[in-house]
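# Residue-level structural notes
One letter stands for each residue in the lines below.
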Amino acid sequence: MKKQVFAGKRAACLPACAALVLVGLVFFAAGMFFGMKRANVADKLLAEAGIEASYSSALSFAESGGINGDGMSMAVYYEVNADELYSCVQSSGGWSSLPPSGALSCLLYGGEYNGTFCASVLADYDEVRIPAIDSGYVYFRDKQNIKNTYTDEEIIAVCGRQSANYTAALWDTEADKLYVIQYNS
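Residues numbered from 1 in each chain as written. Predicted model: local features only at pLDDT ≥ 70, side-chain atom pairs only at ≥ 80, totals over all residues. Heavy atoms only, no water.

### Here's the deal with the nonpolar core
Heads up, the condition is: Remark: nonpolar core denotes a set of buried residues (Ala, Val, Leu, Ile, Met, Phe, Trp, Tyr, Cys) joined through side-chain atoms within 4.5 Å. Whether a residue is buried, partly exposed or exposed follows from its accessible area with a 1.4 Å probe, protein chains only, as a fraction of its type maximum: under 20%, in between, or over 50%, in that order. Think of it this way: any DSSP run of H or I at least four residues long counts as a helix, any run of E at least two long counts as a strand, and we number them from the N terminus. A contact between two residues is defined here by any heavy atoms of the two lying within 4.5 Å.
Core analysis: the biggest nonpolar cluster contains 25 residues, and F140 and L170 have the highest contact counts within it. If you list the elements that add at least two residues to this core, you get strand 2 (71-78), helix 3 (102-109), strand 6 (136-142), helix 4 (152-160), strand 7 (165-172) and strand 8 (177-184). With near-sequence residues (within four places) excluded, F140 lies in contact with G94, L104, L107, Y150, I155, V158, Y166, T167 and A168. Within the second largest apolar cluster, 19 residues are counted, among which are A42, L45, Y77 and V89.

Written out as structure tokens, the structure reads:
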């Protein structure tokens, strides 16, 4: 008789234990998926900007609400290896000293340049704020007109196009932070 009581309690416990294990696996899988997605956005942005530099941590943000990946992705990298990043700045094109040119500043932060108004790509995103940076380097690459250097006229022309696809990066050498933005419309 005691065996039957024990077997009955054991049988009643199995569905509850199985449900608990299943719930735990779902939470674990969700945490792994979303954690990997954040890391992949951050690593993808570095690769697309041609940056090979290690960092201690990154906070990334991605929103794509359109067809073919239209939207914006951004990442902030903390404690970037300055030697590695400086090597990238020196060896690859597209980098210049801060502050950004008037056209690039207008494109990133919004405003008017030579009669052309640009809305800030960051204005609609409360999660993303890039402060004014005084010391460091800036990178710009127009994916529809790929080259190493751009005139202010070429940069400001991005604001007037039907589609804008570019990558920009700002390296704050004083705060030891790197901001990378990818915009596709």
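### A few points about the confidence of the model for the chain
Put simply, the rule reads: pLDDT: the predictor's confidence for each residue, scored from 0 to 100.
For the chain, per-residue confidence averages 76 on the pLDDT scale, and residues scoring 70 or more make up 70% of the total. Element-level pLDDT for the chain is lowest in helix 1 (residues 2-48), with a mean of 55, against a maximum mean of 91 in strand 6. Within the model, the stretch residues 23-39 combines pLDDT values under 50 with 1 contact to residues more than four positions away or in other chains.

### Considerations on the packing of helix 3 against helix 4
Going by this rule: Note on geometry: axes are C-alpha line fits, over the in-contact stretch for helices, and angles between N-to-C directions span 0 to 180 degrees. Any angle between 65 and 115 degrees counts as roughly perpendicular, while under 35 counts as roughly parallel, over 145 as roughly antiparallel, and the rest as oblique. By definition, turning the near helix anticlockwise from the far helix through less than a right angle yields a left-handed crossing, and turning it clockwise yields a right-handed one. As a working rule, the residues Ala, Val, Leu, Ile, Met, Phe, Trp, Tyr, Cys and Pro are called nonpolar, Asp, Glu, Lys and Arg charged, and the rest polar, with Gly in that last group.
Look at helix 3 against helix 4: their axes get within 8 Å of each other, and the N-to-C directions meet at 20°. As the angle between them shows, helix 3 and helix 4 are arranged roughly parallel. Crossing angle aside, the handedness with which helix 3 passes helix 4 is left-handed. Contacts between helix 3 and helix 4 involve G102, A103, L104, C106 and L107 on the former and, on the latter, D152, I155, I156, V158 and C159. Each residue belonging to the contact of helix 3 with helix 4 can be placed in one class, and the counts come to 8 nonpolar, 1 polar and 1 charged.

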